[in-house]
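A look at the structure
The residues making up each chain are set out below.
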Amino acid sequence: MKIVPDRNSLQSKLMYWLVISLTITSLSLGFSLFYTMKLQRVGELRFEREQYLNDLQTLLDDLQPPLENYMGTRSSSSLGKLLYLEETIRETLPENRYIPESRTGLLLREIYFLIDGYLNEVNLIIEEKRGRKVQAYTLRYEQLSQMYSYISRRVDAASLSGFRSQLEEYRHFMELFGKMQTYSLLLILLAVIFSFSFLLQTMNSLSHPLQSLSAMAEKISTGNFEINDISVNSVTEVNRVALAFNNMKNSIHHYIEEMKKKTEMEQQIMNERLRNMKMEQILKRMELYTMQAQMNPHFLFNTINTGVQLAIVEEAEKTADFMENLAALFRYNIRESKFFIPLRHEYDGLISYFEILKIRFPKTLNPEIKVPEELLDKFECPAMILQPLAENSVLHAFKTKEGIGKITVEIKSLPPFLELSVTDNGTGISEDIISQLLVPHTHEYQLSSKVMGLENVIQRLYFFYPEQKDVITINSRKGEGTEIIIRINTEAEPCIGL
Amino acid sequence: MKQNLVKIFLRVLPVLFGVFFLLLIILSVNLMMTSPFSSEEDTGGESLKKYHYAFYLPSTKSAFFSELEKGALDASEALNCAITFHSSDEGTEDLQMSPWSGVNGLAVYLHERDNSIARIFNSITDAGIPIVQIENSIDLNDKTFFIGTNGFEVGKAIGNLIERSPRAGNDVVLVYSQKNPGFMADSNLIEMGLKSADEDRHLNIRTAYTTLNSLDAEKITYDLLNREKQPGFIVLTDPRDTLVTIQTIVDLNLVGTVQIIGFGQDESITEYIEKGILLGSIVRNPYRIGYNAVLALKEISESGYTSAFVDTGINVLASPHLKGDT
């Protein structure tokens, strides 16, 4: 995969500018060094010229003794030395005889030509000496001496002129050198400032976005997510961090908003549930009141029927007893508006009812109560549960059965339970009906005015003890009778609070 | 706002200093390249020339030679030649050595005929070095050339001025000067020219000489005027001598009595001519002489020949009070 370098990245930028800064610094230092060396070299060359002239003059001076010696003695060693020096001088002379503009340059050029001419004359005089042309070499020797003197003077003049011009040149040279040093210093200074300014720019391009990010993070930490997205124009890395930071801020903001909405919705649901529960409890209470209220019309109706029948059959004492017990029962019913009442109250109500039954059915019905006295004041029980059960047996158990009907109500303490049972020896209840009866009704269940007293008691017991499925059991055999057992857990709190 | 300004400033800063840096680099390189030390070769940073000519002139510091040198230098600049000036007063050794000096030509101003000069000229021309004689043709042969003013023409111009003078008289004093030695060498030609212009005056020509002393002319003038017979016309051949002589004439209250013919074109001389104090002035053109000398030498160097005689001409400044026109 081809990797494309990111020019805007911090790494690339640092690399580019490092290279540029180093190049500029190297350039300025190199420039300074180059021209300092060059100027030094030029200065050296200027003095080399003077040295060169001096060397030339020395060589010419050295040439004179062997020339004189050879002309006097024709010594071969002198000739050899002479020729050697002549060759040396020729090699020393510059080949390039350009024509300069300056007087000193022209004077030097003249000296070179004069020395050339002098050496040519030396060669001629050697030839003339060999050819023994006495007159010719005598004249030439005189001319050579004159040339030698003239060249020496010209060399002196050139040295003097060179020295004078070099004094002026040296002043210019030092001025130029000073300027170049100043420029070099400025160049180095500019290179340093350039690098420093770039460093500042880079630092600023990094620090400014980071400061903005820091300030933004501080605002976010206080829960302020409404701030605008940060916009930075920096290196790629910082741009990416800023972009990621914006995305993170927006994501958190979005998440928090969602959480708020969810919480609000859950709160609404909770409120709704609470409201529903309250509504349900109210409905149950209404239902309870309704069921409890249903007892009275039944009882009153039956009692009144009994009173009517009794009035038809006979009057006097029995009617008085009957009415007394009826009054006691009414009193009980009116008085017991609570859901739970002392067991004694329920017992008293049942006694009154049984007395009425004994008046109504003196030969066909034998009601009996078996209750230990000590239990009556010890426990409480739901109101109006025993009388409806006994009434249910009176109404349904003996319709088709002949003989004396027996109804026995028994209360026993079977810790932690208080067991109340109503037993008859009637026709019994079918399994289907028992199953139908022992189903707890929801509040949606429509209570009918025809609800029987048994059903009313069962539903109230289920209401008070919803967790206890065996709060009431019905044992029945066809033709043998029915036993309804109520088991109240005396340690459990009945569900009566609304 | 402040942050933005800082940002802009920091962005501009490297660019600004980068530009400064480049400008300074360019400035430094330019300074170095244009300096005489840019080359390690000892050419002194100067341009190289094609030919080298040597001028042998009197060491006299006069306007004539200054102008001549200026003309020669301007010509050398224009024609890409190098010029060296040597004194022609201090013996002949320089000239003697010139065949070996590597020059491409000589321009020589001499004012004395000398046998040794002819021999030296021969040795120089034998070495293939051309010689141009300036102003004075001391030894004019087929190997040397002449550039300058024709002495005969100068004399003729002086004669014409005298002829046109309203003053009568025929006594003329020609004052030669070492300050302008060319006329001394050409005295015969000048006098011949002067006589050729004489129609009916029958001029009586005398000569006098001044030295390099700038006040020498005053003494000469006094001497001339104190003689029993004062000259009618005094002819000067040097500008300084002219000014000194006029001042003497004015001091002696002899303006108009003695007519002066001067030399040169100085501002004072021109003014005197306009006022009628000076009869006229002969003006040579030393600048043109110097320029043409170089031009001729270059022609010889490149083509091998030039005109053997180049007359650079004269100008005559005449007083407005003169008679008629020649």
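Look up a bit, the structure's there.
Notes on the structure follow. (Residues numbered from 1 in each chain as written. Chains lettered and ligands numbered in written order. Predicted model: local features only at pLDDT ≥ 70, side-chain atom pairs only at ≥ 80, totals over all residues. Heavy atoms only, no water.)

Focus on unusual backbone geometry
Leaving glycine out, the prevailing phi sign among residues is negative, and the prevailing peptide bond configuration is trans. Residues and elements named next belong to chain A. Note the cis peptide between Pro 415 and Pro 416, where omega equals 5°. On the secondary structure map, Pro 416 appears in the loop between strand 4 (405-414) and strand 5 (417-424). Non-glycine residue Met 384 carries a positive phi angle of around 60°. Locating Met 384 in the fold gives a position in the loop between strand 3 (380-382) and helix 9 (386-397). By relative accessible area, Met 384 is classed as buried at 5%. (Helix = DSSP H or I, 4+ residues; strand = E, 2+ residues; numbered from the N terminus. Buried < 20%, exposed > 50% of the residue type's maximum accessible area, 1.4 Å probe, protein only.)

Details of the interface of chain A and chain B
Listed as interface residues are 51 residues of chain A and, on the opposing side, 50 residues of chain B. For the pair chain A and chain B, the summed buried surface comes to about 4700 Å²; carbon and sulfur atoms form 66% of the total. Broken down residue by residue, the surface that chain A buries against chain B is led by Ile99(A), Glu101(A) and Leu190(A), which jointly contribute 13%. Between chain A and chain B we count two salt bridges in total. A salt bridge links Arg153(A) to Glu93(B); the nearest nitrogen and oxygen atoms lie 2.1 Å apart. Counting across the chain A and chain B interface gives seven residue pairs in polar contact (both at pLDDT 80 or more). Element by element, the count of residues in the side of chain A that touches chain B is highest for helix 4 (residues 134-221) of chain A, at 25 residues. (Contact = heavy atoms within 4.5 Å. Buried area = accessible area lost by both parts, 1.4 Å probe. Salt bridge = Lys/Arg side-chain N within 4 Å of Asp/Glu carboxyl O. Polar contact = N/O pair within 3.5 Å; in protein donor to acceptor, adjacent residues only side chain to side chain.)

Quick word on the sheet that holds strand 8 (residues 233-236) of chain B
Residues and elements named next belong to chain B. Overall, mixed pairing links the six strands, which are arranged 7-6-8-9-10-12 in an open sheet. With one partner strand each, in any of the chains shown, strand 7 (204-210) and strand 12 (314-318) form the two edges of the open sheet. Across the sheet, the mean angle separating the axes of adjacent strands is 15° when strand polarity is ignored. Those strands touched by helix 7 (residues 187-197) are strand 6 (171-177) and strand 7, and its axis lies near 155° from that of strand 6. Lying over the sheet, helix 8 (residues 216-225) contacts strand 6, strand 7 and strand 8, oriented at roughly 145° with respect to strand 7. (Pairing = 2+ DSSP bridges. Axes fitted to C-alpha atoms, helices over the stretch in contact; angles between N-to-C directions.)

Some remarks on the pattern of salt bridges
According to the stated counting rule, one finds 26 salt bridges over all chains in the structure shown. Taken together, the shared-partner salt bridges in this structure form one network comprising Lys412(A), Glu419(A), Asp470(A) and Arg487(A).

Focus on the packing of helix 8 of chain B against helix 9 (residues 239-251) of chain B
Residues and elements named next belong to chain B. Orientation of helix 8 relative to helix 9, taken along the N-to-C sense of each, is 45°, at an axis distance of 8 Å. What the angle tells us is that helix 8 and helix 9 run oblique. The element helix 8 and its partner helix 9 pack so that their crossing is right-handed. Packed against helix 8, whose contacting residues are Ala 217, Glu 218, Thr 221, Tyr 222 and Leu 225, the element helix 9 presents Asp 241, Val 244, Thr 245, Thr 248 and Ile 249 at the interface. (Parallel < 35°, antiparallel > 145°, perpendicular 65-115°, else oblique. Left-handed = near helix turned anticlockwise from the far one by under 90°.)

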